[in-house]
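Chains, contacts and geometry: an overview
The primary structure of each chain is shown beneath.
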Amino acid sequence: MTMRLTADQDLTAALARMLAATARPGQTILLDGPVGAGKTHFARAFIRARQGDAAEDVPSPTFTLVQTYDDPLGTEIWHADLYRLTDPSELDELGLEEALADAICLIEWPDRLDRLPGSAITLAIAPHADPDLRDIALIAPDGPRIAARAAFVAGAGWADARVLPLAGDASARRYFRLVGPQGSAVLMDDPSGACAPFVAMTEWLRGHGLGAPAILAQDQAAGLLLVEDLGDDLVARVLERDPAMAPAIYDRITDLLVDLHHHPVPGFVAPLDGPTLAEQVGLFAEWYPQAAGANGGEEIAPLIARLHADLAADVPPVLSLRDFHAENLIWRGDAPLGLIDYQDAVACHPAYDLVSALQDARRDVDPGVEAACIARYLAATAMDEARFRAAYALLGAQRNLRILGIFTRLCIRDGKPRYLDFMPRVWGYVRRNLAHPVLAPLADAVAALPAPDAAVIERIRDRCAR
């Protein structure tokens, strides 16, 4: 896909840094354009962005033809200028042909090659009527998003920032850390249209003293936000380093929910009521039974709706951040817990976020910690204990069944099998919740389906989209 833009030196360098953030071994970038177009300027910004604090001087390889650089991110960078190449056979002596397979290669004057790498990215730079500008054509699979990110970052005053990819989630959103003279920030790229809900929820949370990041710049139409960097101490990582902190951290999580639930629900969030919960759990019946080699599951959604009406519908809804777990909470010592990934917030029963945090698909939570947090929440809110525990079990069952359906779909439809490893843990939560006596009809329906044991998981993995 070709993306065209007019760029000054700052935007050209920002585009280089954005490409450097996602470049991988074996990737080639062809730099086309006349003498003085800015090809080496682009290459210099790219290489220095990859090297970060270890950045070297990056001279033009006009006379040496090739310069190589160590890449702290795990590969080698080759910068070639083929202007003085007299015969393509000279490339054999340079070793460039072999480097194309494993290194990141930036090649100026690619027309000197006897053949072009099939999957190469092309950046064509041409003079503009204004001598301080260049016309750039970027030919890359994700060219429009790369260019949009670079233009947004440059327009926000972060053109000089190094760009580093951050771990994403199962959605189409992508996250990058910007590190520049003014500190660090996080770039959120969400082409799905969820920026407006994220901004609205951010303003509400910050207005109520909760730990959402400040928004530094935004282009909601483009799906781009620049937000405060809350740091790397995800609760999941802190607990991995120091498991003994679990009781104190989960107490803080519980107290955050108590505080959150004291505030009136904002009017812009959608309800997550019984019919909606039933509709969502339909993902389980749609994807899991057939993938596991069984039939059935259609009766689960109506049972969820009926049980919700009996056990939970009488409780006034509270704000739920929904994807509320250790991967989306940031430990900041005595400061409020940092919050991320809350654009899908809803209004639902108070037990929903508590069970989301305490029955985490990605990590084990000690049952003793879970029991203590439930008791802590009940003591702080004075809710009816028996009804709360029944609703907690129901919502835990619904949520975890839906997650099993999502994990199956991510593998079969989207080619993301890594989530299958979490299935036994999630199934354990389902069984624990269904042990509550009031959920006996739901327990019977689920018991008719096979558990995600090793054989079932391998069966699903074999159907993974490639």
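Residues numbered from 1 in each chain as written. Predicted model: local features only at pLDDT ≥ 70, side-chain atom pairs only at ≥ 80, totals over all residues. Heavy atoms only, no water.

Glancing now at the overall build of the protein chain. Helix and strand content of the protein chain: 16 helices and 17 strands. Over its C-alpha atoms, taken along the principal directions, the protein chain stretches across nearly 80 × 50 × 40 Å. Counting the 466 residues in the protein chain, one finds 52% classified as buried. Side chains of the protein chain give 42 positive and 64 negative charges; the mean places of these two sets differ by 3 Å. (Helix = DSSP H or I, 4+ residues; strand = E, 2+ residues; numbered from the N terminus. Buried < 20%, exposed > 50% of the residue type's maximum accessible area, 1.4 Å probe, protein only. Lys, Arg positive; Asp, Glu negative; His and termini not counted. Charge placed at Lys NZ, Arg CZ, Asp CG, Glu CD.)

On to the nonpolar core. Judged by nonpolar contacts, the single largest core of 101 residues is most densely connected at Leu 205, Tyr 250, Ile 300 and Leu 442. Residues in contact with Leu 442, not counting those within four places in the same chain, are Ile 300, Leu 303, Ile 304, Leu 307, Leu 394, Ala 397 and Leu 434. In this structure, Ala 23, Leu 138, Ala 159 and Leu 187 belong to the second largest nonpolar core, which totals 48 residues. (Core = buried A, V, L, I, M, F, W, Y, C linked by side-chain atoms within 4.5 Å. Contact = heavy atoms within 4.5 Å.)

For the coordinates displayed, the defined rule picks out zero disulfides. Cys 348 forms no disulfide, and the closest cysteine sulfur to it belongs to Cys 373, at a distance of 18 Å. (Disulfide = S-S within 2.5 Å.)

Attention now moves to the sheet that holds strand 1 (residues 2-7). Taken together, the seven strands give an open sheet; going across it, the order is 1-7-6-2-5-4-3, and neighbouring strands pair in mixed fashion. Both outer strands of the open sheet, strand 1 and strand 3 (66-71), are each paired with one neighbouring strand and no more. The average angle at which neighbouring strand axes cross in this sheet is 15°, direction not considered. Pairing analysis gives six bridges linking strand 3 to strand 4 (residues 75-81), with the strands arranged antiparallel. Bridge assignment links Thr 68 to a residue of strand 4, and that residue is Trp 78. In this fold helix 2 (residues 39-51) packs onto strand 2 (28-32), strand 3, strand 4, strand 5 (104-108) and strand 6 (121-127), with an angle of close to 165° to the strand it touches most, strand 5. Across the sheet, helix 5 (residues 143-155) is in contact with strand 1 and strand 7 (134-139); its angle to strand 1 comes to roughly 20°. (Pairing = 2+ DSSP bridges. Axes fitted to C-alpha atoms, helices over the stretch in contact; angles between N-to-C directions.)

Right, let's get into the sheet that holds strand 17 (residues 346-348). Within the open sheet, the three strands sit side by side as 13-17-14. Their pairing is mixed. Edge positions in the sheet fall to strand 13 (270-271) and strand 14 (318-320), since each has one partner strand and no second. In the sheet, strand 13 pairs with strand 17 via two bridges, with the strands oriented parallel. Of the residues in strand 17, the one forming a bridge with Pro 271 is Ala 347.

It is worth spelling out helix 2 at this point. The end-to-end C-alpha separation of helix 2 is 19 Å, in line with the 18 Å expected for 13 residues at 1.5 Å each. Where burial is concerned, most of helix 2 is hidden: 10 out of the 13 residues are buried. Among all positions of helix 2, only Lys 39, Thr 40, Phe 42, Ala 43, Ala 45, Phe 46, Ile 47, Ala 49, Arg 50 and Gln 51 are buried. Downstream of helix 2 by one or two residues, Gly 52 has phi in the positive range, about 60°. (Expected span 1.5 Å × (residues − 1).)

Turning our attention to unusual backbone geometry. In this structure, Trp 109 takes a positive phi of about 55° despite not being glycine. Following the sequence through the fold, Trp 109 ends up in the loop between strand 5 and strand 6. Of note, the phi angle at Arg 322 is positive, near 75°, even though the residue is not glycine. Note on Arg 322: relative accessible area 15%, which makes it buried.

Attention now moves to a negative patch on the surface. Side chains of Asp 8, Asp 10, Asp 130, Asp 132 and Asp 160 sit close together on the surface and give a patch of like negative charge. With respect to the element layout, Asp 130 can be found in the loop between strand 6 and strand 7. We classify Asp 130 as partly exposed; its relative accessible area is 31%. (Patch = residues over 30% accessible without salt bridge, like charges linked within 9 Å, V, L, I, M, F, W, Y side chains within 5 Å. Areas by Shrake-Rupley, 256 points an atom, 1.4 Å probe, with all protein chains shown as cover. Salt bridge = Lys/Arg side-chain N within 4 Å of Asp/Glu carboxyl O.)

Summed over the entire model, instances satisfying the criterion amount to 10 aromatic pairs. Taking 5.3 Å as the distance between ring centres and 20° as the angle between the ring planes, the aromatic pair formed by Tyr 377 and Phe 388 counts as stacked. With a gap of 11 residues between them, Tyr 377 in helix 12 (residues 367-381) and Phe 388 in helix 13 (residues 385-412) connect regions that are remote in the sequence. On the basis of relative accessible area, Tyr 377 is assigned to the buried category, the value being 1%. The exposure class of Phe 388 is buried, given its relative accessible area of 1%. Measuring from centroid to centroid gives 5.4 Å for Phe 407 and Tyr 419, while their planes differ by 25°, and the two rings are stacked. Placement of Phe 407 in helix 13 and of Tyr 419 in the loop between helix 13 and helix 14 (423-434) is noted, with a sequence separation of 12 residues between them. On the accessibility criterion, Tyr 419 (5% relative accessible area) is buried. An aromatic cluster of three or more residues is present, and its members are Phe 284, Tyr 288 and Trp 427. (Phe/Tyr/Trp six-rings, centres within 6.5 Å; stacked < 30°, edge-to-face > 60°.)

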